[in-house]
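Here is how the chains run, residue by residue.
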Amino acid sequence: WREGEGLGRHGQGEVQPVPTRLKRDRTGLHVMGRESSTPLRVTHPATDVMGGPGDVAHWQGTKAERRTRKRLQRKRQAYIARCKELIIQRQLHDEAHGL
C-alpha cells in the first residue's frame, strides 16, 4: 500500500477512509424506526489507523468502565500490598522463633 493509492491489485479502490458514525447507545446497529441525526464523518486520519490513537488497542471504554477498571486495579494493588505485609510478618515471626 502507498499513500494516495487504492488497496486493489492495480491501485483501484477507495483512497480515503469510509465515513462512520460514533455509536454511543446500547441498541443494535440498526433498530427499526430510529435514525441517528449524527452526520457521517471520518473520525480519524488515515495515519492513525495502525497503532495510533485511533487504534482499537487504545480504546478506553466508557467513563463507568474506566472507573470500574481503576477501582479494581486499586483493590488488586491493596491486596498485593497486604499479602506482602503478611509475608514479611510471617518471616519476622519465624526468625524470632527460630523456625
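**Focus: the overall build of the chain**
When helices and strands are counted, the chain shows 1 helix and 0 strands. Buried positions account for 3% of the 99 residues belonging to the chain. Counted over contacts in the chain with a minimum sequence separation of 6, partners at least 24 positions apart contribute 9%. With the model as given, the accessible surface of the chain reaches about 9,700 Å², and the carbon-plus-sulfur share is 56%.

**A few points about the pattern of salt bridges**
Within this structure, the stated rule accounts for 2 salt bridges. The salt bridge partner of Arg-82 is Glu-85, with a shortest N-O separation of 3.2 Å. Of this pair, Arg-82 and Glu-85 both sit in helix 1 (residues 63-96), 3 residues apart, roughly one helical turn. For Arg-82, a relative accessible area of 41% corresponds to the partly exposed category. According to the relative accessible area criterion, Glu-85 is partly exposed, its value standing at 42%. Here Arg-90 makes a salt bridge to Asp-94, at a shortest N to O gap of 3.4 Å.

**Quick look at helix 1**
Taking 1.5 Å per residue as the helical rise, helix 1 with its 34 residues ought to reach 50 Å, and the 49 Å between its terminal C-alpha atoms agrees with that figure. Phi turns positive one or two residues past the end of helix 1, at Gly-98, with a value near 65°.

**Side note on the confidence of the model for the chain**
When pLDDT is averaged along the chain, the result is 75; 60% of the residues meet or exceed 70. In the predicted structure, residues 47-58 sits below a pLDDT of 50 and forms 8 contacts with residues beyond four places in sequence or in another chain.

**Side note on a positive patch on the surface**
A cluster of basic residues, Lys-63, Arg-66, Arg-67, Arg-69, Lys-70, Arg-71, Arg-74 and Lys-75, forms a positive patch on the protein surface. Inspection of the secondary structure puts Lys-75 in helix 1. By relative accessible area, Lys-75 is classed as exposed at 53%.

Conventions adopted
Residues numbered from 1 in each chain as written. Predicted model: local features only at pLDDT ≥ 70, side-chain atom pairs only at ≥ 80, totals over all residues. Heavy atoms only, no water. Helix = DSSP H or I, 4+ residues; strand = E, 2+ residues; numbered from the N terminus. Buried < 20%, exposed > 50% of the residue type's maximum accessible area, 1.4 Å probe, protein only. Contact = heavy atoms within 4.5 Å. Areas by Shrake-Rupley, 256 points an atom, 1.4 Å probe, with all protein chains shown as cover. Salt bridge = Lys/Arg side-chain N within 4 Å of Asp/Glu carboxyl O. Expected span 1.5 Å × (residues − 1). pLDDT = per-residue confidence, 0-100. Patch = residues over 30% accessible without salt bridge, like charges linked within 9 Å, V, L, I, M, F, W, Y side chains within 5 Å. Lys, Arg positive; Asp, Glu negative; His and termini not counted. Charge placed at Lys NZ, Arg CZ, Asp CG, Glu CD.

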